[in-house]
Amino acid sequence: MLRTAHLTFAYSGSPILCDLSLTIQSGEWVALIGQNGSGKTTLVKHFNGLLKPTHGQVWVGERDTTTCSIADLAREVGYVFQNPDHQIHQSTVREEVACGLRWQGYPPAEQHERLTATLAQFRLTDYAHHPPAILGFGLRRKVALASVCALRPPVLILDEPTGGLDARSADDILTLVAQLNAHGHTILMISHDMRRVAEYARRCIVLQAGRIVRDAPPRDVFADAPLLQQAFLSPPPVTQLAHHLGQPGTPLTPEEFYQGYKRKDL
Amino acid sequence: MTAALVIENLTYTYPSFEEGSVAAPVLREINLRVRRGEVLGVMGATGAGKSTLCLALAGIVPHSTGGVFGGEVRVAGLNTKTERVADLAQKVGLVFQDPETQLFNMTVEDEVAFGPESLGLPREEIERRITWALSVVRMTDYRSHSPFHLSGGQKQRVALAALLAMRPEILVLDEPTAWLDPLGKREIVATLLELKQTYGLTIVIVEQDAEVLAALVDRIVVLADGQMAYDGSPHAIFARPEQLRALGLDLPQLATLAALFRERQSRAYDFYTLDQARLALASAG
Amino acid sequence: MSLAFDLYLPQPSPLHRLDPRVKIVGLVLGTLALLSVHNFWVCLAWVGLNALLLAIARVSLARVLGMLRLMLPLSLMVALSWPIFYPEGTTILFSVWRITITAQAVWHGLALALRLNALAQLYFLLLFTTDQMMLVRSLVRLGLPFEWGLTLAIALRYIPTFAGTFQMIAEAQQARGLRLTQGPWVQRLRAYLPILIAMIITALRAVDHLARALEARALGAHPHRTAYKDLRFTNTDWITLLIGAFAAILFFYLRLTFNFGVHPIDLFS
């Protein structure tokens, strides 16, 4: 469980996060949306100890993050950065996925077992001996994700998991994440892809200028047109279409729109 | 001749990493003609050869990359194999994906001036071009700013201005919105629409985001494994959802909706933008 | 902006307005002049003169003190080591084992320490009052090939970018459990290896992108590049150059004819 209370953060000068309080329960899939600069990355960095609050408090489970080291929190909270190339440095995929386990001091037998399981889960077994740096971007994303998931952290923070990916790779990654969520992992996802947010997330937190302006299921968030406009966001196209046609409800997918349209006809 | 761009039997293989091994061709037998003023969208999964195609249009492939180049590419009448990249750059403006690493000057003004300076233009002409280019991308107020603190969308607009200042005939963009937030994407789409409508620039844009393509293009080419799989109008291309999905590609969400209508109600809808969809559904319902 | 290496702060001072080429010439002449003297009083006067120039350039006290603090360890080492290793003159102050400390050597050591500070002041003066890019431009105008100047300029411009990337990579690795602050310093140093490797790979990719971006901007299209913002000598620049040249000639004349400033204590010897 992740919790913040009156979290305020500033490097120096004006605060990036202002009096932010939220609770994320175990097993949730939360999407964090908002314009670049609204404080999304700054917020999530508090959950693995990379940043400590200027005012207020942050808890991961029962522990206050100011009492933990980053390496400690890395076992609880896995953070997959936006750019996989910021993490990739080993000469084979195997070693890359294993290095987190090494750093955390797992015994070799357990390292091996987790490594094999993770490679299989992410379908990277065939690439085990390839150098990750020269693989395609989608694969590099998967390797970075796998290397964080090898530690099996209960909480997974994903920063733009589908950015720069083609449709198939994007769905691939999110399907894997959905499997993890089904197994009880808490997912906190920063994303600009409103369509996929609508499809996968069950809770949407909208940030603007360091404050939470809305915290609700995606359907409710995307129904709130003035809010989205204020935050420079747009709902998925079918949602916009329904709104323009005066169709009731907030469809998030073509299927939902179609059902809503049929009902309107009847 | 109204063809801005002619590609004939283009086949290209990058030089291989290891001694003795033979790399596979990244582009195979590409044939394409683009009319002046046309906006062409290029879709394809990662590794389909889209970026290589963009580099080939600017001559960077094969001049800077080496490898084996077969066929011919002619941009604005110039043969990319025989002309220097520096000369081709005056006809073809190439915008890359990463907003960070295509800007390398201290101020926006310096950045936009760099291209014209390379062309040896007189100072007054450079001044005119900077002012014009910045106004087209709506970054005039940022003239003396450092690009370091600009947003992704703003950086890409500066990159566009820097290329427009060289007055190219063709603009080639390799996934320009890949790393941008929704606002940034909107800014780029608006700028490109303006370039299309007001200046009649020929544009080739590679994009993963089908919504961006839907807003801009007159024609779409789909690459798969280095070959041209499909070539047609957006209506025609987006009317084949199964085929695009088989290649791992996305359609605009509204095109998926149109497919749903076609399937379930046998109505021949082929919309893919908001305006088209409104028109089609409002008149029917 | 360019955080780490850029010392430049714009101010409305005459030194800021001077053409960088004049400042570079002044720096070269000043360095030669300083290297030619060992006299305590002359070096002290130089430090005073440079302090005056720093004040004219409106450099804040904080930055001046920062500079002094930087130079302090080296200054102390010079002032102390000279008398130990180079006894000279006749007045012996004290002697222990094989080391004899003489008065003249002490003055000499102090003179050299002052000289070091005066040299540092000159170089910092240049960097405090000159925009990085204008400095590179002036080097190109003075004869540096354009491509070298461009390489230098891009390197300087990318320092903050790569510093930021380093920070992001460090965070990304720490988020996987890499411990950077634990253990003996050897272990800590080794811990930076993953960061360094990822950094190098990222830098290589960036270089590739940059090279293509440069090609896309028609680098090398025309044999004679224009410069949109160029340096131009004003009357003030010419006058300053002439005054400086005159002062330098006078100085070196005195130095070579009358041995001005050679002896550590006596002005002329």
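Residues numbered from 1 in each chain as written. Chains lettered and ligands numbered in written order. Predicted model: local features only at pLDDT ≥ 70, side-chain atom pairs only at ≥ 80, totals over all residues. Heavy atoms only, no water.

For the structure shown, the criterion picks out 40 salt bridges over all chains. Measuring nitrogen to oxygen at the nearest pair gives 2.9 Å for the salt bridge that ties E111(B) to R217(C). One end of the pair, E111(B), is in helix α4 (residues 108-118); the other, R217(C), is in the loop between α9 (193-216) and α10 (235-258), on a second chain. A residue is classified by how much of its surface remains accessible, and R217(C), at 3% relative accessible area, is buried. Several salt bridges converge on common partners, so that one network encompasses D171(A), D193(A), R195(A), R196(A) and D250(B). (Salt bridge = Lys/Arg side-chain N within 4 Å of Asp/Glu carboxyl O. Helix = DSSP H or I, 4+ residues; strand = E, 2+ residues; numbered from the N terminus. Buried < 20%, exposed > 50% of the residue type's maximum accessible area, 1.4 Å probe, protein only.)

Listed as interface residues are 35 residues of chain A and, on the opposing side, 35 residues of chain B. Carbon and sulfur atoms make up 60% of the area that chain A and chain B hide from each other, which totals about 2,900 Å². A salt bridge links D250(B) to R195(A); the shortest N-O distance between them is 3.1 Å. Where chain A packs against chain B, one counts 13 residue pairs in polar contact (both at pLDDT 80 or more). At eight residues, helix α11 (residues 254-265) of chain A tops the list of elements feeding residues into the side of chain A that touches chain B. For the side of chain A that touches chain B, the per-class residue count stands at 16 nonpolar, eleven polar and eight charged. (Contact = heavy atoms within 4.5 Å. Buried area = accessible area lost by both parts, 1.4 Å probe. Polar contact = N/O pair within 3.5 Å; in protein donor to acceptor, adjacent residues only side chain to side chain. Nonpolar A, V, L, I, M, F, W, Y, C, P; charged D, E, K, R; others polar.)

Next up on the list: the interface of chain B and chain C. Between chain B and chain C, the contact holds 45 residues from the first and 33 residues from the second. Summed over both partners, the interface of chain B with chain C comes to about 3,300 Å²; 58% of that surface belongs to carbon and sulfur atoms. In terms of surface lost to chain C, no three residues of chain B exceed F104(B), M106(B) and R123(B), which account for 23% of the buried area on that side. At the junction of chain B with chain C, the criterion picks out four salt bridges. On inspection of chain B and its partner chain C, the count reaches 23 residue pairs in polar contact (both at pLDDT 80 or more). Broken down by secondary-structure element, the contributors of at least two residues to the side of chain B that touches chain C are α3 (85-88), α4, α5 (123-136) and α6 (152-164) of chain B.

Once that is clear, we can look at helix α7 (residues 182-199) of chain B. All names here are of chain B. Taking 1.5 Å of rise per residue, the 18 residues of α7 would be expected to cover 26 Å, and the 25 Å separating its terminal C-alpha atoms lies within 8% of that figure. Residues P182, L183, G184, I188, V189, T191, L192 and L195 constitute the buried set of α7. Residues of α7 that are buried in the fold lie against α5, α6, β7 (170-174), β8 (202-206) and α8 (210-216). Residue G200 follows α7 closely and has a positive phi angle near 60°. (Expected span 1.5 Å × (residues − 1).)

All right, on to unusual backbone geometry then. Most of the time, phi is negative for any residue but glycine, and the peptide bond is trans. Residue and element names in this part refer to chain B. Here V61 and P62 are connected by a cis peptide whose omega angle stands at 5°. Tracing the chain through its elements places P62 in helix α2 (residues 60-63). One non-glycine residue with positive phi stands out, namely R138, at about 60°. With respect to the helices and strands, R138 occurs in the loop between α5 and α6.

Below, the discussion takes up the packing of helix α7 (residues 146-174) of chain C against α9(C). All names here are of chain C. Running from N to C, α7 and α9 cross one another at 140°; their axes reach a closest spacing of 10 Å. The orientation of α7 with respect to α9, classified from their angle, is oblique. Seen from above, α7 lies across α9 with right-handed handedness. Where α7 approaches α9, its residues L150, I154, Y158, F162, T165, F166, I169, A170 and Q173 are matched on the opposing element by P194, I195, A198, M199, T202, A203, A206, L210 and L214. (Axes fitted to C-alpha atoms, helices over the stretch in contact; angles between N-to-C directions. Parallel < 35°, antiparallel > 145°, perpendicular 65-115°, else oblique. Left-handed = near helix turned anticlockwise from the far one by under 90°.)

Residues and elements named next belong to chain A. For the coordinates displayed, the defined rule picks out three cavities of 30 Å³ or more. Here the second largest cavity defines a volume of roughly 50 Å³. As for the second largest cavity, its lining consists of V80, F81, R141, L145, L158, D159, E160, P161 and I173. Elements with a contribution of two residues or more to the lining of the second largest cavity: α5 (137-149) and β7 (155-159). Broken down by class, the residue content of the lining of the second largest cavity amounts to six nonpolar, no polar and three charged. (1 Å grid on protein atoms, 1.4 Å probe; cavity = no way out; pocket = protein on both sides within 12 Å on 5 of 7 lines; lining within 4 Å. Points joined across faces, edges and corners; volume = space filled by probe spheres on them.)

Attention now moves to the sheet that holds strand β1 (residues 2-9) of chain A. With antiparallel pairing, the four strands of this open sheet are ordered in space as β2-β1-β4-β5 (chain A). Here the strands that pair on one side only, and so sit at the sheet edges, are β2 (17-24) and β5 (63-64) of chain A. (Pairing = 2+ DSSP bridges.)

Our next topic: the packing of helix α3 (residues 93-103) of chain A against α5(A). The description of two packed helices rests on the angle between their axes and on the distance between the axes. Residues and elements named next belong to chain A. Two elements in contact, α3 and α5, have axes separated by 7 Å at closest approach and are oriented at 35°. You can see that α3 and α5 cross each other, and the crossing is right-handed. Along the contact surface, α3 presents V93, E96 and V97, while α5 presents V143, A146 and S147. The residue makeup of the contact of α3 with α5, split by class, is four nonpolar, one polar and one charged.

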